[in-house]
Amino acid sequence: MTPDVLVVASWNIQKNGRAPLDGRDHSPRPEEILAGYEPDIVFRQELSGAGAHGKRALYAEAHALGGLIAFMGEEHAGRSKNPVGVMVNPRLFDVVAHTNDDLAWKQICHLEVRRKDCPRALHLASAHLCHYDPHLRATEARRLTTYADHGHAALIGMDANSYPHRTDVEITDPIDWDTVPDPVHFQHRTIERDGRRVSDTVPSEILTGGAKPVFTDLAHHAATALGQRQALTPTSSLHRTDQGPMRRIDLQLGTPDLATALIGFEVIDIPDVKRWTDHALTIARFDLAAVDRILSTAR
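Residues numbered from 1 in each chain as written. Predicted model: local features only at pLDDT ≥ 70, side-chain atom pairs only at ≥ 80, totals over all residues. Heavy atoms only, no water.

Peer 1: Is there a simple way to explain the pattern of salt bridges in this structure?
Peer 2: Two side chains with opposite charge may pair up if their charged atoms get near one another. All told, the structure shown has 15 salt bridges when counted by the stated rule. Note that arginine 143 is salt-bridged to aspartate 101, the shortest N-O span being 3.2 Å. Of this pair, arginine 143 sits in helix 3 (residues 134–145) while aspartate 101 sits in strand 5 (residues 93–101), placing them 42 residues apart in sequence. Judged by relative accessible area, which is 11%, aspartate 101 ranks as buried. A salt bridge links glutamate 266 to arginine 285; the shortest N-O distance between them is 3.2 Å. Of this pair, glutamate 266 sits in strand 13 (residues 262–268) while arginine 285 sits in strand 14 (residues 281–287); the two residues are 19 residues apart in sequence, bridging distant segments of the chain. A single network of salt bridges, built from pairs that share partners, joins Glu170, Asp217 and Arg248. (Salt bridge = Lys/Arg side-chain N within 4 Å of Asp/Glu carboxyl O. Helix = DSSP H or I, 4+ residues; strand = E, 2+ residues; numbered from the N terminus. Buried < 20%, exposed > 50% of the residue type's maximum accessible area, 1.4 Å probe, protein only.)

Shown next as structure tokens:
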């Protein structure tokens, strides 16, 4: 929590870090790893079981991260059991509103916060797009665009379960689906275009594509505008080998105005991370004074 830097983290922690993937005891735990980056905003995915016992696990994690205020989605019978959540630093932000936007498979956790003494609100959303249905992912992506409506400033952290549409700048080559052994993954992650099956990039196109994109892919911005090529490091899967090569599916997005305040983007895939989850941790850093100037401009 450096005074002049806003640190934003997004992380899908498999099964909410209830047990290391190899069954052995490991230190540091996920919340200790995350705490080392002193985040002010945290977008979390797979808060599995964190709502039990009065959200005890959710609040314990928020406390371990320096006393953040925590919010999460709900579990519904017949739907995903892996809610998403958002945590914020109360020393930097006042919470204005919290909603869980209900969709067919998984809710989006949405906060409206206000920076101290700034007239313009900031919208925050944590999302985990549907793993099995490209059509539903497109609907979820369109829902995410609404947080930027009416000129709102917004940040999103998400597991997109799909792929960036600007494949030419990515560090890894496009997937050759003929070589991917898992037939279920093939059905989940591909769409039909021009009579053939290709990687699903539709959510990325909806959110960050076109002549007037709604959001900026912050890792792409760091790589192309700030010269931080490593920002495009693939994030998943850190373990599976039957679903093709690792890809960048864990994204942080910001409205274009906020992207101008970005000063760094990092993908954390160190061994400590791999012991607990199949997704890398992403960290975005913003010039806090620049964010304040943006949020001080009424829209």
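Peer 1: What exactly am I supposed to notice about the layout of surface pockets here?
Peer 2: Empty space among the atoms becomes apparent when a probe as large as a water molecule is rolled across them. Looking at the largest pocket, its volume works out to about 570 Å³. Lining the largest pocket are 29 residues, and of these His131, Asn161, Arg189, Gln243 and Asp278 lie nearest its centre. Residues of the lining of the largest pocket, tallied by class, amount to eight nonpolar, 13 polar and eight charged. As for the second largest pocket, its lining consists of Tyr163, Pro164, Thr167, Pro174, Ile175, Trp177, Arg197, Val198, Ser199, Thr201 and Arg247. (1 Å grid on protein atoms, 1.4 Å probe; cavity = no way out; pocket = protein on both sides within 12 Å on 5 of 7 lines; lining within 4 Å. Points joined across faces, edges and corners; volume = space filled by probe spheres on them. Nonpolar A, V, L, I, M, F, W, Y, C, P; charged D, E, K, R; others polar.)

Such coordinate-based values are descriptive only and should not be taken to indicate function.
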